[in-house]
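# A closer look at the structure
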Amino acid sequence: MMASASARKRIAQVDGRTVLFLTICACLVSFLTTDLLGHALFTCGLALMLCFFGCYKQGIGYFAAYLACVLGLYYEAKVGLSFPSPLLLSMLYKLLLPAMPAYLLFRMPSVKLTASLRKLPIPSKAMLVLMVMLRFAPTVILEFKGVCEAMKMRGFLRSPWAVLRHPLNTLEYAIVPMVFRALKIADELSASAIVRGIESPYKKQSYYLSRIGGMDAGIIGITVALAVVCCLVM
C-alpha cells in the first residue's frame, strides 16, 4: 500500500509535458534507430522508468512482449517460417517502444494533463482533439473490462475453449456494447470539455501548478542522453 501511494505521488510530481516529450522521443528512437542493441537498450530504459513509477507489472510485461517479438523475428528469419506473420511481429517490435511512455501519459489525471498542455503553443481546438484522444483510450479500456466481466457472468469468456466454440457470439456480445459505449463516451468527453470552458477565448486557470521541476529535468536529460546513444553511437 505504501509503495502504491509512493508511486502515485511520483506520477503526480511529473509534469505532463515531460511525459509527452518522453512519448515523442520514444517514437523517434523506435523509427530512427537501425541497431537492435540500441533499440533494446532504450526499451530496457523505459521498462525501468515504468518500474520507477510503480508500474512493475506493466514494465515487465512490455519488456517480455518485446523480447518475444525479437526472438520470434530471429527464429523466423533463421528457420524460414512465416507464422506468426513477420509483418505483425515487426509492427509490434516498433510500436511497443512508444506504447510504454504512452501508458504513463494515460495514467496522469486529465486535469493535470490539460494544465500542462495549456503551456504549449498549440491552438485550443487542436488541444481539445488531443485531450479527447488521450482520455478516450483508457476510458474505453475500462469500459471493455466491464463488458468482459458481464460476459463472464453470462457464461461467455470462461475459457479460451469457450471462445473458440462460440466465436460469433463472443464477437457479437463484445463488439456491439463497445460500439455504443464508445459513441456515448465520445459525447460525454466532448460535453465535459465544453462545460469546463475549453472553447472560451479567455485565459484559463487550473488547480494544478504546471512547471518543470527537478524530476522532470532529470527524466528529460536521461531520455535525451539515452536517445543520442541509441541513435548515433550504436
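If you're wondering where the values come from, they're calculated on a predicted model, not measured in any experiment. (Residues numbered from 1 in each chain as written. Predicted model: local features only at pLDDT ≥ 70, side-chain atom pairs only at ≥ 80, totals over all residues. Heavy atoms only, no water.)

## Describing the overall build of the protein
Along the backbone of the protein there are ten helices and zero strands. The order of α-helices and β-strands along the protein, N terminus first, is α-α-α-α-α-α-α-α-α-α. Considering the protein as a whole, with its 234 residues, one finds that 32% of them fall into the buried category. Sequence separation of at least 24 residues holds for 74% of the intrachain contacts in the protein that already meet a minimum separation of 6. With an accessible surface of roughly 14700 Å², the protein has 71% of that area assigned to carbon and sulfur atoms. (Helix = DSSP H or I, 4+ residues; strand = E, 2+ residues; numbered from the N terminus. Buried < 20%, exposed > 50% of the residue type's maximum accessible area, 1.4 Å probe, protein only. Contact = heavy atoms within 4.5 Å. Areas by Shrake-Rupley, 256 points an atom, 1.4 Å probe, with all protein chains shown as cover.)

## Observations concerning the packing of aromatic side chains
Inspection of every chain in the model, using the stated rule, returns three aromatic pairs. Measuring from centroid to centroid gives 5.5 Å for Tyr66 and Tyr93, while their planes differ by 20°, and the two rings are stacked. Placement of Tyr66 in helix α4 (residues 56-79) and of Tyr93 in helix α5 (residues 86-107) is noted, with a sequence separation of 27 residues between them. In this structure Tyr66 comes out as buried when scored by relative accessible area, which is 1%. (Phe/Tyr/Trp six-rings, centres within 6.5 Å; stacked < 30°, edge-to-face > 60°.)

## Considering the environment of Leu226
Within the element layout of this structure, Leu226 appears in helix α10 (residues 214-233). For Leu226 and Val29, which are 197 residues apart along the polypeptide, the C-alpha to C-alpha distance reads 9.6 Å.

## Things to note about the pattern of salt bridges
Applying the stated rule across the entire model yields one salt bridge. Two residues, Arg17 and Asp15, come together in a salt bridge whose shortest N-O distance is 2.8 Å. (Salt bridge = Lys/Arg side-chain N within 4 Å of Asp/Glu carboxyl O.)

## Here we look at the confidence of the model for the protein
Per-chain confidence: the protein averages 79 in pLDDT, with 86% of residues scoring 70 or above. Predicted confidence in the protein is weakest over helix α1 (residues 2-13), with a mean pLDDT of 60, and strongest over helix α3 (residues 36-52), with 89. (pLDDT = per-residue confidence, 0-100.)

## Focus on α3
Helix length check: α3, at 17 residues, gives a terminal C-alpha distance of 24 Å against a target of 24 Å (1.5 Å per residue), a fit within 8%. Structurally, the start of α3 carries an N-cap: the backbone nitrogen of Leu37 is 2.9 Å from a side-chain oxygen of Asp35. (Expected span 1.5 Å × (residues − 1). Polar contact = N/O pair within 3.5 Å; in protein donor to acceptor, adjacent residues only side chain to side chain.)

## Concerning the packing of helix α2 (residues 16-32) against α3
Contact geometry for α2 and α3: axes closest at 10 Å, N-to-C directions at 160°. The orientation of α2 relative to α3 falls into the category roughly antiparallel. Of the two possible hands of crossing, α2 and α3 adopt the one that is left-handed. Contacts between α2 and α3 involve Leu22, Cys25, Ala26, Val29 and Ser30 from the first element and His39, Phe42, Leu46 and Met49 from the second. The class makeup of the residues in the contact of α2 with α3 is seven nonpolar, two polar and no charged. (Axes fitted to C-alpha atoms, helices over the stretch in contact; angles between N-to-C directions. Parallel < 35°, antiparallel > 145°, perpendicular 65-115°, else oblique. Left-handed = near helix turned anticlockwise from the far one by under 90°. Nonpolar A, V, L, I, M, F, W, Y, C, P; charged D, E, K, R; others polar.)

## Focus: the packing of α4 against α5
It is the contact of α4 with α5, at a shortest axis distance of 9 Å, that shows an interaxial angle of 160°. Of the possible angle classes, the one that applies to α4 and α5 is roughly antiparallel. As for the relative orientation of α4 and α5, their crossing is left-handed in sense. Contact residues: α4 offers Gln58, Tyr62, Ala65, Tyr66, Cys69, Val70, Gly72, Leu73 and Glu76, while α5 offers Pro86, Leu89, Ser90, Leu92, Tyr93, Leu96, Ala99, Met100 and Tyr103. Grouping the amino acids of the contact of α4 with α5 by side-chain chemistry returns 14 nonpolar, three polar and one charged.

## Topic: the nonpolar core
Generally speaking, a soluble globular protein has its nonpolar side chains buried in company with each other. Within the largest apolar cluster, 29 residues are counted, with the highest numbers of intra-cluster contacts made by Val29, Phe42, Leu46, Phe53, Leu113 and Leu117. Mapped by element, the contributors of at least two residues to this core are α2, α3, α5, α6 (110-117), α7 (124-153) and α10. The element best represented in this core is α2, accounting for six residues. Setting aside anything within four residues of it in sequence, one finds Leu46 in contact with Leu22, Ala26, Leu97, Met100 and Pro101. (Core = buried A, V, L, I, M, F, W, Y, C linked by side-chain atoms within 4.5 Å.)

## Remarks on the side chain of His39
Mapping His39 onto the fold places it in helix α3. Residues within four places of His39 in sequence aside, it is in contact with Val29, Ser30, Thr33, Tyr66, Tyr93, Lys94 and Leu97.

## Quick notes on a nonpolar patch on the surface
Together, Leu168, Leu171, Ile175, Val176, Val179, Phe180 and Leu183 make up a nonpolar patch on the protein surface, roughly 720 Å² of accessible area in all. Checked against the element boundaries, Val179 lands in helix α9 (residues 167-195). (Patch = residues over 30% accessible without salt bridge, like charges linked within 9 Å, V, L, I, M, F, W, Y side chains within 5 Å.)

## So, α2
Here α2 is 17 residues long and its end C-alpha atoms lie 24 Å apart, about the 24 Å a rise of 1.5 Å per residue gives. Considered for burial, the residues of α2 that qualify are Gly16, Thr18, Val19, Leu20, Leu22, Thr23, Cys25, Ala26, Val29 and Ser30.

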